[in-house]
Every structure is written in C-alpha cells, then in structure tokens.
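Listed below, chain by chain, are the residues.
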Amino acid sequence: MAKDNEEKLGRRNFLKMTTSGTAALTAGLIPGSTYAAESKSDRQINASEKPYAKKVKLLFLGTGAADWPGKYPPISKKLVRGQVRGMSSMLVNGHILIDCGPTVLDVMNRYNVNSAGITDILLTHTHSDHFHPDSIVAIADARDATLGPLKFWAGPEALKRVPNSNRIEKCLVEIGKTFQMHGFGITGLEANHLVGTTEEKCLYYFLEGATKNFLYATDGSWLLKRTWLYLQKKRVDALIWDATIGESAGDSRIFEHNDLTMIRHMNETLRKRKIINPETKIILTHMARTLHPPHDQLEKTLLPEGLIPAYDGMSVVLN
Ligand SMILES: [Zn+2]
Ligand SMILES: [Zn+2]
C-alpha cells in the first residue's frame, strides 16, 4: 500500500515538473542553422552501432483524434490546458517530428518551436489527421537548403503519397528493422490499424537512446503479436498510447483504437512481464473530443492511477 502511494506521489510530482516545462524545453531547441553542425557521418552510422542520445525530450504538438477541428485557434486566443487538441504529433529532441497533420504548424507557432530545426519526420500512417502534405512541404521549405533535404520516413505505401520535391528525401521504414538517427535506434512496428482498404501498414515507433527509450503507439488498438514479441525483450521508459475512446463501452472503434479498459489490461500485462515498471511514464494521446471529459477532470481521475493524459504543449524529459 505504502509503495502504491509513493508511486502516485511520484507521478504527481512528475506532472508538476512537466506542466510548466514547455518553455524550458522549447528554449533549448537548436535552430536549423545551428544544426548544420550535424555531420554526414552522423547520418550514416552503421545500424549495429549503439544508440548514443543521452537526453530524451518529448514535446506534444497535438494530442487529439480526428474529430477535433482541423484548424487550430489563432495564437491570440488564450487556451487553458487541454481545452483544444491539435491532431496527434510529437517532437523528439527538437529535430524528429512524429506525424505531421494539418494543425502541427499552428501548434509549433503557439509553443515557440522553430520548424526549421526539424530534420526528420517519422510517419505512422497517412490518415489525414497524421499526414498533411502542405505542412510537410512547408517544413521542408523552412529548412536551410544548404543542410540538405528534410528526411521523411514512412512505410512503402505511405511514401508513394509524399509530395515530390528536391527538399524532401523519402526514406523507407521496414517493419522490425532498426535504423539510426540523432543517436537513436529507431524501429517501426506494425500497428493494428488500417487506412481504408489500402495495403498500407500503419506503424508504431520504438526509439532507443543511450539509456532511455519510449514507444509511440498511435493509431492502433492492442498490440499485434509480432509487436508484442519485439517489446518482450525491452524495458520501456515511456509508453505513449492511443487513447481515442476513453471510458466508453460498446464503441466499434475498439478494433483500431484503444479505450481505457484496454490500456489498463495492456499495462497490467506489461508490468507483470517487467516491460514497464513504476517509473515508466504512461501517457495517453489521440483523445477523441466527444469521448473524453474536460482535461482537468481527466487528470483528476487518471493521474492517481498513473495514467498521464497528454495535452498540447506538454513536455516530458526522460533522464
Ligand atoms: Zn488518427
Ligand atoms: Zn488513423
């Protein structure tokens, strides 16, 4: 019992730390021009080399499902935490953007993120809340041209839909094959999610730094067996779950998105198998506008059980 309380307390302190952390994180971003220091050899690290990224900084640039408005409020409008959610997206160490939907540039603008610092985009899948060609082109064009093209990583079907531009280099993600970038070992894992009737395989991403790692797991429900087999060998420091459905029962979207009961079941299993531990940060994103209560209520009910509902602008440092 005492241990449980300690865990709860630990999580509350964590939240206190991170809810005000955005400014500190964004202030530390390296603008695109400075990033010229990245050498070619850094890009071409042998896949067998050990990850060396020491710090892992996550900044949530959208935490909503597709039923949130595709247009973000103007920066002049004051927002309280979680009042509005952009389409799901997350920035890693200022340079790696996971997903690029229609609201991401506006959210970056609101949280003082310099899009010119983005060198790589990892795409989970091409649903329009995650994949917005105009925003991708805008980010590519914002880069200093002398630094080379923006690298856009995705599965083979998704890559076909990426705009052709000499400012964008298309990079193939093969499921289960680790590649290196910015000191991370990055592995695409198959998600239980479909894009219409296409052949596209939707991806989760597992990023491993020198000492910390995390799984970005949206969109999808449960874990496919192959993905589970991969995770069994890992100890995960942060889990970012698709939490589209909340507490609602009887929603047909459970076949491609999680509800909170499913998340609790998975956490329990991962805990029992020691894949996660009391220190693991369990974060919820991709929350539907119509299936969750207001954010302050979410925090009140979920934080005590160790679930952290993300909000736009939330930053998390793993160290
Ligand atoms: Zn989505
Ligand atoms: Zn989707």
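Scroll up to find the structure.
Bear in mind that the values here come from a model prediction, so they are computed numbers and not experimental data. (Residues numbered from 1 in each chain as written. Chains lettered and ligands numbered in written order. Predicted model: local features only at pLDDT ≥ 70, side-chain atom pairs only at ≥ 80, totals over all residues.)

### Some thoughts on the pairing of strand β8 (residues 184-190)
And step 1. Burial analysis of β8 places six of its seven residues in the buried class, which makes it a mostly covered element.
And step 2. Pairing of strand β7 (residues 178-181) with β8, which is carried by four bridges, proceeds in the antiparallel orientation. Following the sheet pairing, F179 is matched in β8 by I186.
And step 3. Counting the residues in the hairpin turn of β7 and β8 gives two residues, including H182, whose phi is positive at 50°. (Buried ≥ 20, exposed ≤ 12 C-beta atoms within 10 Å, placed from the backbone. Helix = DSSP H or I, 4+ residues; strand = E, 2+ residues; numbered from the N terminus. Pairing = 2+ DSSP bridges.)

### Structural notes on the nonpolar core
And step 1. Among the nonpolar cores identified, the biggest contains 82 residues, and M90, I121, F152, Y205, Y216, L239 and I240 are the most heavily contacted of them.
And step 2. Broken down by element, the residue count for this core peaks at five residues, all from strand β9 (residues 203-208).
And step 3. Those residues in contact with I121 that lie beyond four places of it in its chain are L97, C100, I136, L150, F152 and W153. (Core = buried A, V, L, I, M, F, W, Y, C linked by C-beta atoms within 7 Å. Contact = placed C-beta atoms within 7 Å.)

### Observations concerning helix α8 (residues 260-272)
And step 1. In this model, α8 (13 residues) spans 18 Å end to end at C-alpha, consistent with the 18 Å of a helix rising 1.5 Å per residue.
And step 2. Listed as buried for α8 are L260, I263, M266 and L270. Buried residues in α8, looked at end-on, bunch into an arc of 120°, giving them a common side. In α8, the exposed positions angled more than 90 degrees off the buried face are occupied by H265, E268 and K272.
And step 3. On its buried face, α8 is in contact with β11 (238-242).
And step 4. Backbone geometry just downstream of α8 places K274 in the positive-phi region, at approximately 60°. (Expected span 1.5 Å × (residues − 1). Arc of directions from axis to C-beta.)

### Observations concerning unusual backbone geometry
As a rule of thumb, non-glycine residues mostly have phi less than zero, and peptide bonds are mostly trans rather than cis.
And step 1. D219 follows T218 through a cis peptide bond whose omega is 5°.
And step 2. Within the element layout of this structure, D219 appears in the loop between β10 (213-217) and α7 (225-231).
And step 3. One non-glycine residue, N112, lies in the positive phi region at around 55°.
And step 4. Along the chain, N112 turns up in the loop between α4 (104-110) and β4 (120-122).
And step 5. Looking at N112, the number of C-beta atoms within 10 Å reads 13, which means it is partly exposed.

### Regarding the pairing of strand β12 (residues 281-285)
And step 1. In terms of burial, β12 is largely enclosed, as five of its five residues are buried.
And step 2. Side chains K281, I283 and T285 of β12 all project onto a buried face; the interleaved residues I282 and L284 project onto the opposite face, where all are buried too.
And step 3. Relative to β12, β11 is paired through five bridges, and the arrangement is parallel. Looking at β12, one finds that W241 is bridged to L284.
And step 4. Running through α8, the crossover from β11 to the neighbouring parallel element β12 is right-handed. (Right-handed = clockwise from strand over helix to strand, strands pointing away.)

### What to know about the sheet that holds β4
And step 1. Taken together, the seven strands give an open sheet; going across it, the order is β6-β5-β4-β3-β2-β1-β14, and neighbouring strands pair in mixed fashion. The open sheet is flanked by β6 (168-172) and β14 (315-318), the only strands paired with a single partner. Strand-to-strand twist of the sheet, defined as the mean angle between neighbouring strand axes without regard to direction, takes the value 20°.
And step 2. Of the strand pairs in this sheet, strand β1 (residues 56-60) and strand β2 (residues 90-92) are connected by three bridges, and their pairing is antiparallel. From the neighbouring strand, L59 faces β2, where its bridge partner is L91. (Axes fitted to C-alpha atoms, helices over the stretch in contact; angles between N-to-C directions.)

### Comments concerning the sheet that holds β8
And step 1. Strand order in this open sheet of seven strands is β7-β8-β9-β10-β11-β12-β13, and the pairing throughout is mixed. Taken across any chain shown, the strands that pair with only one partner, and hence form the sheet edges, are β7 and β13 (307-309). On average, adjacent strands in this sheet sit at an angle of 20° to one another, irrespective of strand direction.
And step 2. When β9 meets β10, the two strands line up antiparallel, connected through four bridges. Looking at β10, one finds that F206 is bridged to L215.

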